[in-house]
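# Analysis of the macromolecular model
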Amino acid sequence: MTETAKMETINAALFGAGRIGKIHAANLAAQAGVRLKYVIDVHAESAQALANLHGASVTTVEAALADPTVTAVIIASSTDTHADLILRAAAAGKAIFCEKPVDLTLERARACAAAVEKHKVPCMLGFQRRFDPTFAALKQRLLAGEIGTPELLIVTSRDPGPPPVSYIKVSGGIFKDMLIHDFDIFRWILDDEAISIHATGSCLVDPAIGEAGDLDCAVVTIRTRSGRLCQINASRRAAYGYDQRFEILGSAGMLQAGNHKPTEITSHTALNVSTDKPENFFLERYRVAYANEMAHFFDAIAHDKPLRTTVQDGLKALELAEAAATSWRENRVIDLQEPQ
C-alpha cells in the first residue's frame, strides 16, 4: 500500500465532462486514496454519465466549492470558465488543477495568479508534456550535462488536422490555443526566459481559418536572456499523424526527442523499409503523460510537495503567446524587456 493510500481519502470535484474531463476522471480514479466525489458540467447528460462511471454525484459549482470535504478541484471545462473557477476555488481554499490556458487575457490570468498567492493554495497547470516519459528523460540527460551547455532548441508541433472553424473562433488563436504548450516546453527545456520574440504565419490549410482571423501555420523565433535561441514551427495539418518532436543542440552534442508510434516494428521488404506512422492525436500521444501529471498532482497535495507546473508557468506561457500574436499582427520583433 502506498503512503497516499494510508492517508485520509482526498475528495475531488471535476468541472467539465467532455473529452479531456473523461481522461482526467479516469486518471484521478486510478489514484490510491483519491475519490471523485462530484462532476459538474453544463451538459447534464454528460455529467451524469461520467459520474455514474466513477461512482460520483452530479452537483453545482456552488455546492462543490462549499463542501468542506472536497480538498481538490480539476478544471477541465471550456477555456472561458477557467479564470472564474480558479478564482472561486482559490477563495474556497481548494487545491487546483487547471487545464491550459489560465485565461485568454493576461489581465484575468494575472488576477488568478494573485488569488492563488493570496489564498496560499496549490495550483497546477495542465502542461502534460513535461510529464511525458520521453521528454522528461531528455530533460534529465540535459541536466546531467550530456551535451554540455544548451544553445539552440528547435520545436516541431503539428496537428494531424485543424479543429472546426467554430472552435477556432473561440480558441484565442493558434498562439494561445496550440503553441501555448510549445512556449512552456521552451521555458522548461532551456530553463531560461525570453527577451525577444518574432512570429510569422500563414493560412495554408483552410481559408475559412483565415476568414475567422486566425492562422494555421506559424513559425516563432525566441531569444533568451542568456542569448540562447529557440525556433518553433507549427502547422494545423500533418497528413502522416500527430508530429511532436524537438531537438536541442549543446556545446558538446545534441539530444532529440522523437515521435511516439503505435509499435516500434520496422518492415523490410523488396518494395520498401517502413515503420508505423506517429500516433494519431494528442489523446494517444500523451496518454501516459496525462496519467503521470494527475499522479503528481495528488501526490503533491498528499505530501505537501512542490508542483512541477504552476499558475505562474501558465501566466508566462500566455505572455509569450500574447507577444507572438502581437508580433504577427504588427510584423515586428517584440522586445519583452519593455513594459507590455
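Report on the accompanying structure.

Rules used throughout
- Residues numbered from 1 in each chain as written.
- Predicted model: local features only at pLDDT ≥ 70, side-chain atom pairs only at ≥ 80, totals over all residues.
- Heavy atoms only, no water.
- Helix = DSSP H or I, 4+ residues; strand = E, 2+ residues; numbered from the N terminus.
- Rg over C-alpha atoms; globule rule 2.2 N^0.38 Å.
- Buried < 20%, exposed > 50% of the residue type's maximum accessible area, 1.4 Å probe, protein only.
- Areas by Shrake-Rupley, 256 points an atom, 1.4 Å probe, with all protein chains shown as cover.
- Lys, Arg positive; Asp, Glu negative; His and termini not counted.
- Charge placed at Lys NZ, Arg CZ, Asp CG, Glu CD.
- Arc of directions from axis to C-beta.
- Contact = heavy atoms within 4.5 Å.
- Axes fitted to C-alpha atoms, helices over the stretch in contact; angles between N-to-C directions.
- Parallel < 35°, antiparallel > 145°, perpendicular 65-115°, else oblique.
- Left-handed = near helix turned anticlockwise from the far one by under 90°.
- Nonpolar A, V, L, I, M, F, W, Y, C, P; charged D, E, K, R; others polar.
- Pairing = 2+ DSSP bridges.
- Polar contact = N/O pair within 3.5 Å; in protein donor to acceptor, adjacent residues only side chain to side chain.

In terms of helices and strands, the protein chain carries 14 helices and 15 strands. A compact globule built from 340 residues would reach a C-alpha radius of gyration of about 20 Å, and the protein chain, at 21 Å, matches this within 12%. Sorting the 340 residues of the protein chain into buried and exposed places 49% on the buried side. Surface summary for the protein chain: the accessible area is close to 15,500 Å², and the carbon and sulfur share equals 52%. Positive and negative side-chain charges in the protein chain, numbering 35 and 41 respectively, have mean positions lying 2 Å apart.

Next up on the list: helix α3 (residues 44-54). Burial in α3 covers these residues: Ala-47, Leu-50 and Ala-51. All buried residues of α3 fall inside an arc of 100 degrees around its axis, so they share one side. Exposed positions of α3 whose direction lies more than 90 degrees from the buried face are Glu-45, Asn-52 and Leu-53. Among the structural elements, β1 (10-15), α2 (19-29), β2 (34-40) and β3 (57-58) are those in contact with the buried residues of α3. Backbone geometry just downstream of α3 places Gly-55 in the positive-phi region, at approximately 70 degrees.

For the rest of this paragraph, the subject is the packing of helix α5 (residues 79-91) against helix α6 (residues 106-119). It is at 9 Å that the axes of α5 and α6 come closest, and there the two elements cross at 10 degrees. Taken as axis vectors, α5 and α6 run roughly parallel relative to one another. Considering how the two elements wind past one another, α5 and α6 form a crossing that is left-handed. Two secondary-structure elements touch here, α5 through Ala-83, Asp-84, Ile-86, Leu-87, Ala-90 and Ala-91 and α6 through Arg-108, Ala-111, Cys-112, Ala-115, Val-116 and His-119. A breakdown of the residues in the contact of α5 with α6 according to their chemical character gives 9 nonpolar, 1 polar and 2 charged.

So, on to the sheet that holds strand β10 (residues 229-235). Ordered by their spatial adjacency, 7 strands build an open sheet running β12-β11-β7-β10-β9-β8-β15, and the pairing between neighbours is mixed. Unpaired on one side and paired on the other, β12 (253-257) and β15 (334-335) mark the two borders of the sheet. Both strand β8 (residues 194-202) and strand β9 (residues 217-224) contribute to a ladder of 8 bridges, which runs antiparallel. Bridge pairing in β9 places Gly-201 opposite Ala-218. Across the sheet, helix α10 (residues 180-190) is in contact with β7 (150-158), β8, β9, β10 and β11 (243-250); its angle to β7 comes to roughly 155 degrees. Here helix α14 (residues 311-330) sits on the sheet and contacts β8 and β15; the angle it forms with β8, its principal contact strand, is near 55 degrees.

When helix α7 (residues 133-143) is considered as a whole, its buried residues turn out to be Phe-135, Leu-138, Lys-139 and Leu-142. Across the axial projection of α7, the buried residues extend over an arc of 100 degrees, all falling on one side. Where α7 is buried, its residues touch β7, α10, β11, β12 and α12 (282-285). The opening residue of α7, the one whose side-chain oxygen lies 3.1 Å from the backbone nitrogen of Thr-134, is Asp-132. Within two residues after α7, Gly-145 carries a phi angle of roughly 85 degrees, on the positive side.

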